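Tertiary structure, described
So you can see what is in the structure, the chains are spelled out below.
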Number of protein chains: 2
Amino acid sequence: MKSFDPSSMHVRDLHSLLLGAIGPRPIALASTISKEGVPNLSPFSFFNVFSANPPILIFSPARRGADNTTKHTYENIKEVPEVVINIVNYDITHQMVLSSANFEKGINEIEKVGFTSLDSDLIKPKRIKESPVQFECTVNQVIELGDGPAAGNLIFAEVLKIHVHENILNEQNKIDQQKIKLVGRMGGDTYVNAFGDCLYDIKRPNDDNIGFDHLPKDIRLSKILSGNDLALLANESSIPDETDVNEYKLLDLSSLFMQHEENAPLLEIALHNHAKDLISKGNINDAWKTLLAFNN
Amino acid sequence: MKSFDPSSMHVRDLHSLLLGAIGPRPIALASTISKEGVPNLSPFSFFNVFSANPPILIFSPARRGADNTTKHTYENIKEVPEVVINIVNYDITHQMVLSSANFEKGINEIEKVGFTSLDSDLIKPKRIKESPVQFECTVNQVIELGDGPAAGNLIFAEVLKIHVHENILNEQNKIDQQKIKLVGRMGGDTYVNAFGDCLYDIKRPNDDNIGFDHLPKDIRLSKILSGNDLALLANESSIPDETDVNEYKLLDLSSLFMQHEENAPLLEIALHNHAKDLISKGNINDAWKTLLAFNN
């Protein structure tokens, strides 16, 4: 393990370490407007949802690390405390990246990066038609976290209205996680596609799970089962009883037991490998019976 | 487009819509301690980095939507304002999920989910040895965003010390985005693996890019080039000159021109398809020459 003390690090290195460790980060494509009415569009990955009631999104147009200047998004919000947070998906990734260029103030960045602007219903900044979800927000608080280079500026955006492309909604008005094709931000120049084979589901855990402390020691110390495997075993509410284990041993494990009849260590390895395979297929109950059969 | 008014929605539906739209979200596995010294461990995806100077991470142990109760993490931080934010990667995903079960207060959740605890250098809460990056933090502010069900509670965590597994660091002490194998949170029960083929790099844009407003109209209105394709064309600082285009037309495009000699619309389609292919291979300059050859 290597340890780092932020107070003795160059801000650039600390920034890089934080961005490399904390990911994947969602991307807010923030549309703001100056008091003269010039639109601005910029992406921010210091962003997330923090509350549903009230619905609050927070993002940070931080001070620039190189020269400690502030960004147009921040300046606009101080002038007109409103923002449309447009969500970024795969289809608009490169236009979003282009919008992060340092355009001069006064340039209409929505036109510059080729998006179609739509009027908002309740606020002055424009929505981006191509974005799959557009949040019209009022800014009800700004917190400056410092005044040096790379200091964050928290923008508290309260959601007033939400516009969603219909083709990403399912029948229950929920957003289909495959259809929205979200993209996230990682460290360095790296992005992540949050769709396709990159996605998978994990059910909520059982509140009455037995926990690692009730795993038998020979299972807990297995050289074959990983922490993920053990967690799925520990998530069960109860362990199969001796009758079930014996029945499973006779019907499903007899060939394994015969194969390693005279070699207990090899039998244990074979059973743990078999259980690992069952776990990977989501069959936790049979994995338990396989593991318990060893000492039965 | 379908529009939603948060003030007239059930909090549960609004929560679900926000979580389905804002992702992928990084995961903080927060280790806290009660004033009696009982450790608590829980994952939160209302989390991100918001500033490098000072280094501030924010997460929200929100009030429960079902019964408006507060979480042990929040209660502990009110008692002992310190937290270790442990980063979650693929190898500890299922143990992290298990730690989100509603264990009774007083249970040592670090043991319950099978992690190894390590003493922190500067604060009381324990670190999780299995986590690839551990941030020791002092909590210097807590903001309650509301007092109803699903109201967020912002925990401002200032990073005092960072511990990183050496095997994920490269020679420049940066975190290798493939080796850390980060995992993120999506809507519903969905997670994302932020490594392997899911990752890709996009360079910062050129600040002196020509922009969409300087794309010739026939290119801008192409039925073949996508917004992503056009953004990569618009990101160039300049367009190839006539001499370069003519040379490329003679040497590389002659067979295409001969093939569609008497059919301009088909020639245009063929050139746009050829350009799209070049863009997908990262060869933006030749794509430009291909597109400009049509009217040359």
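Residues numbered from 1 in each chain as written. Chains lettered and ligands numbered in written order. Predicted model: local features only at pLDDT ≥ 70, side-chain atom pairs only at ≥ 80, totals over all residues. Heavy atoms only, no water.

Let us look at the overall build of chain A. Counting secondary structure elements, chain A contains ten helices and 13 strands. Projected onto the principal axes, the alpha-carbon positions of chain A cover approximately 85 × 55 × 30 Å. For chain A, long-range pairs separated by at least 24 residues make up 62% of all intrachain contacts whose partners lie at least 6 apart in sequence. Of the roughly 12500 Å² of accessible surface on chain A, a fraction of 46% belongs to carbon and sulfur atoms. (Helix = DSSP H or I, 4+ residues; strand = E, 2+ residues; numbered from the N terminus. Contact = heavy atoms within 4.5 Å. Areas by Shrake-Rupley, 256 points an atom, 1.4 Å probe, with all protein chains shown as cover.)

Residue and element names in this part refer to chain B. The final tally for this structure, using the stated rule, is 23 salt bridges over all chains. In this structure, E36 engages K35 in a salt bridge whose closest nitrogen and oxygen atoms are separated by 3.7 Å. Residue class for E36 comes out exposed when judged on its relative accessible area of 58%. Classification of K35 by relative accessible area gives exposed; the value is 60%. (Salt bridge = Lys/Arg side-chain N within 4 Å of Asp/Glu carboxyl O. Buried < 20%, exposed > 50% of the residue type's maximum accessible area, 1.4 Å probe, protein only.)

When chain B is fitted onto chain A, the two copies agree to an RMSD of 0.0 Å after a turn of 180° and an axial shift of 0.0 Å. Both chain copies can therefore be described as sitting about a two-fold axis. Taken as a fraction of all interface residues of chain B, those also at the interface in chain A reach 100%, which identifies the copy contact as same-surface. (Least-squares fit on C-alpha atoms with pLDDT ≥ 70 in both.)

Turning next to the side chain of S51 of chain B. As for its position among the elements, S51 of chain B is in strand β4 (residues 47-52). At 3.4 Å, the side chain of S51 of chain B forms a polar contact with the backbone nitrogen of N53 of chain B. A polar atom in the side chain of S51 of chain B sits 2.7 Å from the backbone oxygen of P54 of chain B. Contacts of S51 of chain B, omitting those with residues within four sequence positions, involve L18, F46, L145, A150, A151 and G152 of chain A together with I56 of chain B. (Polar contact = N/O pair within 3.5 Å; in protein donor to acceptor, adjacent residues only side chain to side chain.)

This part covers the state of the cysteines. This structure, assessed with the given rule, holds one disulfide over all chains. Between C198 of chain A and C198 of chain B runs a disulfide, and the two sulfur atoms are separated by 2.0 Å. With the S-S dihedral at roughly -110°, the linkage between C198 of chain A and C198 of chain B falls on the left-handed side. Here the residue C198 of chain A occupies a position in the loop between β12 (190-194) and β13 (199-201), and C198 of chain B occupies one in the loop between β12 (190-194) and β13 (199-201), the pair thus bridging two chains. Of the two residues examined, C198 of chain A and C198 of chain B, each falls in the buried class. (Disulfide = S-S within 2.5 Å.)

This part is about the interface of chain B and chain A. Between chain B and chain A, the contact holds 116 residues from the first and 116 residues from the second. The largest per-residue losses of area from chain B upon contact with chain A belong to M1, F50 and I202 of chain B, which jointly make up 8% of the total buried on that side. In this assembly, chain B and chain A are joined by two salt bridges. In this structure, the salt-bridge partner of D213 of chain B is K112 of chain A, at a minimum N-O distance of 3.1 Å. Along the contact surface separating chain B from chain A lie 50 residue pairs in polar contact (both at pLDDT 80 or more). Here β12 of chain A runs beside β13 of chain B; their pairing, made up of three bridges, is antiparallel. Bridged to T190 of chain A within β13 of chain B is D201 of chain B. (Buried area = accessible area lost by both parts, 1.4 Å probe. Pairing = 2+ DSSP bridges.)

What follows is about the domain arrangement of chain A. The assigned domain composition of chain A is domain 1 (6-198) and domain 2 (212-293). Each of domain 1 of chain A and domain 2 of chain A has a C-alpha centre, and the two are 48 Å apart. (Domains from an automatic or database assignment.)

Here we come to the sheet that holds β12 of chain A. Strand order in this open sheet of three strands is β11(A)-β12(A)-β13(B), and the pairing throughout is antiparallel. Where the open sheet ends on each side, the last strands, each with one partner, are β11 (182-185) of chain A together with β13 of chain B. Ignoring strand direction, the axes of neighbouring strands in this sheet form an average angle of 35°. Of the strand pairs in this sheet, β11 of chain A and β12 of chain A are connected by four bridges, and their pairing is antiparallel. Each residue of the ladder has a partner; that of G184 of chain A, found in β12 of chain A, is V192 of chain A. (Axes fitted to C-alpha atoms, helices over the stretch in contact; angles between N-to-C directions.)

Residues and elements named next belong to chain A. The omega torsion of the bond from G23 to P24 falls at -5°, within 30 degrees of zero and hence cis. Of note, P24 is situated in the loop between α1 (11-21) and β2 (28-33). Residue P54 is reached from N53 by a cis peptide bond, and omega for that bond is 0°. Inspection of the secondary structure puts P54 in the loop between β4 (47-52) and β5 (55-59). Despite not being glycine, N68 shows a phi value in the positive range, around 60°. We note that N173 has phi near 60°; this positive angle belongs to a residue other than glycine.

On to a negative patch on the surface, then. A cluster of acidic residues, D241, E242, D244, E247 and D252 of chain A, forms a negative patch on the protein surface. Locating D241 of chain A in the fold gives a position in the loop between α6 (227-234) and α7 (242-252). (Patch = residues over 30% accessible without salt bridge, like charges linked within 9 Å, V, L, I, M, F, W, Y side chains within 5 Å. Lys, Arg positive; Asp, Glu negative; His and termini not counted. Charge placed at Lys NZ, Arg CZ, Asp CG, Glu CD.)

The biggest cluster of nonpolar side chains holds 98 residues, and the ones touching the most others in it are L57, V133 and F135 of chain A together with L57, V133 and F135 of chain B. Not counting residues within four places of it along the chain, the set of residues in contact with F135 of chain A comprises L57, V83, V84, I85, I87, V159, K161 and I162 of chain A together with L18, A21 and I22 of chain B. (Core = buried A, V, L, I, M, F, W, Y, C linked by side-chain atoms within 4.5 Å.)

So, about the sheet that holds strand β11 (residues 182-185) of chain B. Spatially, the three strands line up as an open sheet ordered β13(A)-β12(B)-β11(B), and their pairing is antiparallel. Among the strands making up the open sheet, the edge pair consists of β13 of chain A together with β11 of chain B. Strand-to-strand twist across the sheet, computed as the mean angle between neighbouring axes with direction ignored, equals 35°.

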